[in-house]
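Letter by letter, the chains look like this.
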Amino acid sequence: MKYITVEEAIEAPGLRLVLTAGVPGPWGESAKAILSYKEIPFTPVYQQGGGENRALKAWTGQTSAPVAVYEDRPPICHWLDLLMLAEQLAPARPLLPEDMAPRARVIGLSALIVGVDGFGFNRRLQMLAPMMAVDPVPEIAVTLGAKYGYSEQARKNSTERLQAISALLDAGLAAQQAEGSDYFVGDSVTAVDFYWANFAGMVLPLGPRDNPMPDPVRATYESSDGETRACITPRLEAHRDMMYRRHIALPLDF
Ligand SMILES: N[C@@H](CCC(=O)N[C@@H](CS)C(=O)NCC(=O)O)C(=O)O
């Protein structure tokens, strides 16, 4: 993927999407998949994972990715605001149901996957753990650990949290399948399907042909812990594969 710099992006028109370059970060991949599904064009902007990202901080007030900046509107740094922007820009391909009960379920399940203390946040604590055990702790791990709430206690709780979220998703999908739907909510694709497909890759990434990430990054993403791997149940794995077959282009490009 070809990225422009933050300095270039500030002057650029349309939708700019700041992304962690060179890795399939699930927050960024979800944003890309949702925008592509909705056929919303965007200009990729470079963020260095775990880096200082000084220009990004000056522009957006923070240093994480993804960030969406549309025309001269304020930067959007939160996954739900980004989804709402996509809904507004391309309402013809909705990823949130109109009816409030299913809408609340999509947003709620999505928050358990993407939001603070959700599947992604807890899996990230596990991914940081081996680096936290090195003496001295590498600078990137110190930065990311402080940013995303690493503590021994939080790491200890993470597996249970992943299991609880995975169990809810698996049971929800089983109930949906009994009703004849392949999707988490209703009978068509919604945002939560996109988030799950992308975040499952933090435990069980797609193979090198579909997800050509560097080997050391792959080693961090792939979980060797049996309890964590079991969170990707056969049903949840099959759902992920269905999403790539039907709705998300491969190979991933980051
Ligand atoms: N605030 C974001 C969460 C973003 C996030 O966790 N970003 C990570 C994942 S790619 C990131 O930028 N990590 C690298 C860094 O912080 O430098 C949201 O709500 O969507």
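Values in this document were obtained by computation on a predicted structure and should not be read as measured data.

Colleague: Just checking my understanding: could you explain the sheet that holds strand 1 (residues 15-20) for this structure?
Modeller: Remark on secondary structure: sheet strands pair via backbone hydrogen bonds, oriented parallel or antiparallel. Taken in spatial order, the three strands line up as 2-1-3 in an open sheet, and their pairing is mixed. Among the strands making up the open sheet, the edge pair consists of strand 2 (43-47) and strand 3 (67-70). Across the sheet, the axes of successive neighbouring strands diverge by a mean angle of 25°, strand direction being ignored. Summarising the sheet, strand 1 and strand 2 pair through five bridges and their orientation is parallel.

Colleague: Mind showing me how you'd approach the site of the ligand here?
Modeller: In the region of the ligand, 14 residues are neighbours, and Gly-25, Gly-49, Ser-64, His-78 and Trp-79 sit closest. Contributing elements (two or more residues each) for the shell around the ligand: helix 2 (26-37) and helix 7 (139-147). In the shell around the ligand, the residues fall into five nonpolar, eight polar and one charged.

Colleague: Could you clarify how one ought to interpret helix 7 in this entry?
Modeller: Note: α-helices contain 3.6 residues per turn, so residues at a spacing of three or four share the same orientation. Taken as a whole, helix 7 has its buried residues at Ala-141, Leu-144 and Gly-145. On an axial view of helix 7, the arc spanned by its buried residues comes to 100°, and they lie on one face. Opposite the buried face of helix 7, at more than 90 degrees from it, the exposed residues are Glu-139 and Ala-146. Buried positions along helix 7 lie against helix 6 (119-132). Gly-149 sits one or two residues past helix 7 and shows a positive phi near 75°.

Colleague: In this structure, what is going on with the packing of helix 6 against helix 7? I would like to understand it.
Modeller: Axis separation between helix 6 and helix 7 bottoms out at 10 Å; the angle between their running directions is 140°. Classified by the angle between their axes, helix 6 and helix 7 sit oblique to one another. By crossing handedness, the relation of helix 6 to helix 7 is classed as left-handed. Along its contact with helix 6, which presents Leu-128, Met-131 and Met-132, the element helix 7 presents Ala-141, Leu-144 and Gly-145. Among the residues forming the contact of helix 6 with helix 7, the class breakdown is five nonpolar, one polar and no charged.

Colleague: Hey, could you run me through the nonpolar core in this one?
Modeller: Across soluble globular proteins, nonpolar side chains have a tendency to be buried as a group. Counting residues in hydrophobic clusters, the biggest one holds 54 residues, and the most contacted among them are Ile-34, Ala-68, Ile-113, Ala-191, Val-192 and Trp-196. Taken domain by domain, this core gets at least three of its residues from each of domain 1 (6-89) and domain 2 (100-246). Leaving out residues up to four positions away in the same chain, Val-192 has contacts with Val-106, Leu-109, Ser-110, Ile-113, Phe-184 and Val-185. If you look at the next biggest cluster of nonpolar residues, it comprises five residues, including Leu-125, Leu-128, Leu-144 and Tyr-150.

Colleague: Just checking my understanding: could you explain the pairing of strand 3 for this structure?
Modeller: Along any regular strand, the residues point their side chains to alternate faces of the sheet. Side chains Val-67 and Val-69 of strand 3 all project onto a buried face; the interleaved residues Ala-68 and Tyr-70 project onto the opposite face, where all are buried too. Note that strand 1 and strand 3 share four bridges and pair antiparallel. Directly across from Val-18, in strand 3, lies its bridge partner Val-67.

Colleague: Explain the domain arrangement of the protein chain here, please?
Modeller: Interfaces are frequently sized by the accessible area removed from exposure as the parts join. Examined at the domain level, the protein chain breaks down into domain 1 (6-89) and domain 2 (100-246). Counting from both sides, the interface comprises 12 residues of domain 1 and, opposite them, 16 residues of domain 2. When residues of the side of domain 1 that touches domain 2 are traced back to their parent elements, those giving at least two are helix 2 and helix 4 (79-89). For the side of domain 1 that touches domain 2, the residue count by class is nine nonpolar, two polar and one charged.

Colleague: Can you help me understand the environment of Asp-81 in this one?
Modeller: Inspection of the secondary structure assignment puts Asp-81 in helix 4. In sequence terms Asp-81 and Ala-68 are 13 residues apart; their C-alpha atoms lie 9.2 Å from each other.

Criteria and thresholds
Residues numbered from 1 in each chain as written. Predicted model: local features only at pLDDT ≥ 70, side-chain atom pairs only at ≥ 80, totals over all residues. Pairing = 2+ DSSP bridges. Helix = DSSP H or I, 4+ residues; strand = E, 2+ residues; numbered from the N terminus. Axes fitted to C-alpha atoms, helices over the stretch in contact; angles between N-to-C directions. Near = placed C-beta within 6 Å. Nonpolar A, V, L, I, M, F, W, Y, C, P; charged D, E, K, R; others polar. Buried ≥ 20, exposed ≤ 12 C-beta atoms within 10 Å, placed from the backbone. Arc of directions from axis to C-beta. Contact = placed C-beta atoms within 7 Å. Parallel < 35°, antiparallel > 145°, perpendicular 65-115°, else oblique. Left-handed = near helix turned anticlockwise from the far one by under 90°. Core = buried A, V, L, I, M, F, W, Y, C linked by C-beta atoms within 7 Å. Domains from an automatic or database assignment.

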